[in-house]
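# Reading the structure
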Amino acid sequence: MAIQGFLVVSLLFSCLAATSYGLTFSSLQESLIVTASPKHGQVLSAGEDNIVVTWSFNKSLAAGTDSSYKTVKFKLCYAPVSQQDRAWRKTEDHLNKDKTCQHNIVTKPYSSSNNTFTWTVERDVPTATYFIRAYAYNSADHEVAYGQTTDAHKTTNLFNVQAISGRHVSLDIASICFSAFSVVSLFGFFFLEKRKAKMSQAK
């Protein structure tokens, strides 16, 4: 009985610990202010364009609120318009099940102010509408707070990414040149054949 009691208490403690460490998005405090350079509705090209991200602690909150923050992880997240009819991008309150933010950008040591970095949109980012979210983590690598470039309804400051189509300009140019060469070669062949035929008739 003592062993069973110990197991029950341990299980309850684990559940309480998991809850206290914000395993649900709704339990996290929005204490980070995050901004990004793209304007609302701007279209960026994957593999080419850069995003400048600036972030800081919200100084209107009580001093010491960020005492447990150790690292900040930035993620590229799908806006609702790009989640519709796509279960693999579905938003879930439980962070382990949430599929909103699938693209990791960078992890930085926590600092409360004067933080800026530049990120080049990666080549494998699919065409969609996005925003950027930052999660603050404690020493146990649990999410404890967040901030994002959009509002709570995820409707403002959204930007678009145009994925790489799979065709490259240099390949298109090479294809056109090859086609042009083929046409010229074909006309040249017919011209030489005609000339040979006329020379044969003249003889």
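For the structure itself, look to the data block above.
Let me sum up the structure you'll find in this document.

The rules behind the values
- Residues numbered from 1 in each chain as written.
- Predicted model: local features only at pLDDT ≥ 70, side-chain atom pairs only at ≥ 80, totals over all residues.
- Heavy atoms only, no water.
- Disulfide = S-S within 2.5 Å.
- Helix = DSSP H or I, 4+ residues; strand = E, 2+ residues; numbered from the N terminus.
- Buried < 20%, exposed > 50% of the residue type's maximum accessible area, 1.4 Å probe, protein only.
- Phe/Tyr/Trp six-rings, centres within 6.5 Å; stacked < 30°, edge-to-face > 60°.
- Lys NZ or Arg CZ within 6 Å of the ring centre and 35° of its normal.
- Salt bridge = Lys/Arg side-chain N within 4 Å of Asp/Glu carboxyl O.

Moving on to the state of the cysteines. Applying the stated rule across the entire model yields one disulfide. A sulfur-sulfur distance of 2.0 Å marks the disulfide that ties C77 to C101. Looking down the S-S bond of the C77 and C101 bridge, the torsion is 105 degrees, so its handedness is right-handed. Note that C77 is positioned in strand 5 (residues 71–78) and C101 in the loop between strand 5 and strand 6 (103–109), a separation of 24 residues in sequence. For the pair C77 and C101, a shared accessibility class is recorded, and that class is buried.

Turning to the packing of aromatic side chains, a few remarks are in order. A full pass over the atoms with the stated rule returns seven aromatic pairs. Measuring from ring centre to ring centre gives 6.1 Å for W55 and Y110, while their planes differ by 45 degrees; the resulting arrangement is tilted. Here W55, found in strand 4 (residues 50–57), pairs with Y110, found in the loop between strand 6 and strand 7 (115–120); they are 55 residues apart in sequence, far enough to count as distant. Of the two residues, W55 and Y110, both sit in the buried class. Their ring planes at 85 degrees and their centres at 5.2 Å tell us that Y69 and Y110 sit as a pair that is edge-to-face. Here the residue Y69 occupies a position in the loop between strand 4 and strand 5, and Y110 occupies one in the loop between strand 6 and strand 7, the gap between them amounting to 41 residues. The pair formed by Y69 and Y110 is uniform in burial state, with each residue classed as buried. One aromatic cluster is present, built from ring pairs that chain together W55, Y69, F74, Y110 and F117. Positioned above the aromatic ring of Y137 is the side chain of K73, whose terminal nitrogen or guanidinium carbon lies 4.3 Å from the ring centre.

Here we come to the pattern of salt bridges. Tallied over the entire structure, the rule returns two salt bridges. We note a salt bridge from K73 to D141, for which the minimum N-O separation is 3.3 Å. Of the two residues, K73 sits in strand 5 while D141 sits in the loop between strand 8 (128–137) and strand 9 (143–148), which places them 68 residues apart along the sequence. According to the relative accessible area criterion, D141 is partly exposed, its value standing at 44%. With a closest N to O distance of 3.7 Å, E92 and K90 form a salt bridge.

A few words on unusual backbone geometry. A positive phi angle, close to 55 degrees, is found at K154, a residue other than glycine. Looking at the secondary structure, you find K154 in the loop between strand 9 and strand 10 (159–162). Given the relative accessible area of 13%, K154 is considered buried. Even without a glycine there, the phi angle at N157 is positive, about 55 degrees. Taking relative accessible area as the criterion, N157 reaches 43% and is therefore assigned partly exposed.

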